[in-house]
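# Observations on chain architecture
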Amino acid sequence: MSLLTPVVEKLKEQTSDGQLVRIVEISGNVRFPGVYPLSQNMNTRDLILLAGGLKEAAYLGNAEITRKDLSNFESASVEHSNVNLAEQLTGRKSFELQPKDKLAVYTTPEYRERLNISLQGEVRFPGEYE
């Protein structure tokens, strides 16, 4: 990620007045969350792959894309769009990203890391238990 920092900073400097910086952000259950340069025709699948892929706990049913809309000069607005990650990753659907979009990848409900305990001493069945 540190290799991309100078690229992202350069993109921020090159932005023209009235235009959004050509960067996108990803957070949540991906290997390398952070800010990435927006390439032409980039979609959610591209961004997830760029961020190293999903972690085991990632929820494939739903993710949220937050988009800033500055088309109205009187007031800015924010849009939230839900996408099905399974459909995005398989290519059945494709959500094209725009500058300053943020993709939030959720955790699967009730997901827990595997926890083990060691039972020792004067017990009938000592050992490792999940």
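Everything below is about the structure printed above this text.
Read on for an overview of the structure.

What follows is about the sheet that holds strand β4 (residues 77-83). Spatially, β2-β1-β5-β3-β4 is the arrangement adopted by the five strands of the open sheet, whose pairing is mixed. Of all the strands in the sheet, the pair left with one neighbour each is β2 (34-37) and β4. Strand-to-strand twist in this sheet, taken as the mean axis angle between neighbours without regard to direction, amounts to 20 degrees. Pairing between strand β3 (residues 58-69) and β4: seven bridges, direction antiparallel.

It is worth spelling out unusual backbone geometry at this point. For residues that are not glycine, phi is negative in most cases, and the peptide bond is trans in most cases. The phi dihedral of Asn41 is positive, around 60 degrees, even though this residue is not glycine. Examined against the element boundaries, Asn41 turns out to sit in the loop between β2 and α2 (44-50). Looking at Asn41, the relative accessible area reads 54%, which means it is exposed. With a phi close to 70 degrees, Lys100 is a non-glycine residue in the positive phi region. Relative to the helices and strands, Lys100 is located in the loop between α3 (85-90) and β5 (102-107). Using a relative accessible area of 31% as the deciding quantity, one classes Lys100 as partly exposed.

Examined against the element boundaries, Pro33 turns out to sit in the loop between β1 (23-28) and β2. Residue Pro33 is classed as partly exposed on the basis of its relative accessible area of 42%. Taking the C-alpha atoms as reference points, Pro33 and Val123, 90 residues apart in sequence, are found 45 Å from one another.

Counting residues in each nonpolar core, the largest one holds 19 residues, and the members touching the most others are Val24, Ile26, Leu47, Leu54, Leu97, Leu103 and Val105. Ignoring anything within four residues of it in the chain, the contact list for Val105 reads Ile26, Ser27, Gly28, Asn29, Val30, Leu54, Ala58, Ala63 and Leu85.

Within the fold, Asp101 resides in the loop between α3 and β5. Separated by 75 residues in the primary sequence, Asp101 and Ile26 place their C-alpha atoms 8.6 Å from one another. Within the local environment of Asp101, its side chain forms a polar contact with the backbone nitrogen of Gln98, the two atoms lying 2.8 Å apart.

So, how was this worked out
- Counting of residues starts from 1 at the beginning of each chain's written sequence and follows it residue by residue.
- This being a predicted model, a pLDDT of at least 70 is required before a residue's local features are given, and a value of 80 or more before pairs of side-chain atoms are given or counted; all residues contribute to the totals for chains, interfaces and linings.
- Only hydrogens and water are removed before side-chain values are computed, so all heavy atoms of the structure are retained for them.
- The criterion for strand pairing is that DSSP finds at least two bridges linking the strands in question.
- Each helix corresponds to a stretch of at least 4 residues labelled H or I by DSSP, and each strand to a stretch of at least 2 residues labelled E; elements are numbered beginning at the N terminus.
- Fitted lines through C-alpha atoms serve as axes, helices being fitted only where they are in contact, and the angles separating the N-to-C directions of these axes extend from 0 to 180 degrees.
- Classification of residues uses two cut-offs on accessible area relative to the type maximum, computed with a 1.4 Å probe and protein chains only: under 20% is buried, over 50% is exposed, and between them is partly exposed.
- For the purposes of this section, nonpolar cores are sets of buried Ala, Val, Leu, Ile, Met, Phe, Trp, Tyr and Cys residues that join through side-chain atoms within 4.5 Å.
- Throughout, a residue-residue contact means that at least one pair of heavy atoms, one from each residue, lies within 4.5 Å.
- The definition of a polar contact used here is a pair of N or O atoms within 3.5 Å, where within protein one atom must be able to donate a hydrogen and the other to accept one, and adjacent residues in sequence count solely through side-chain atom pairs.

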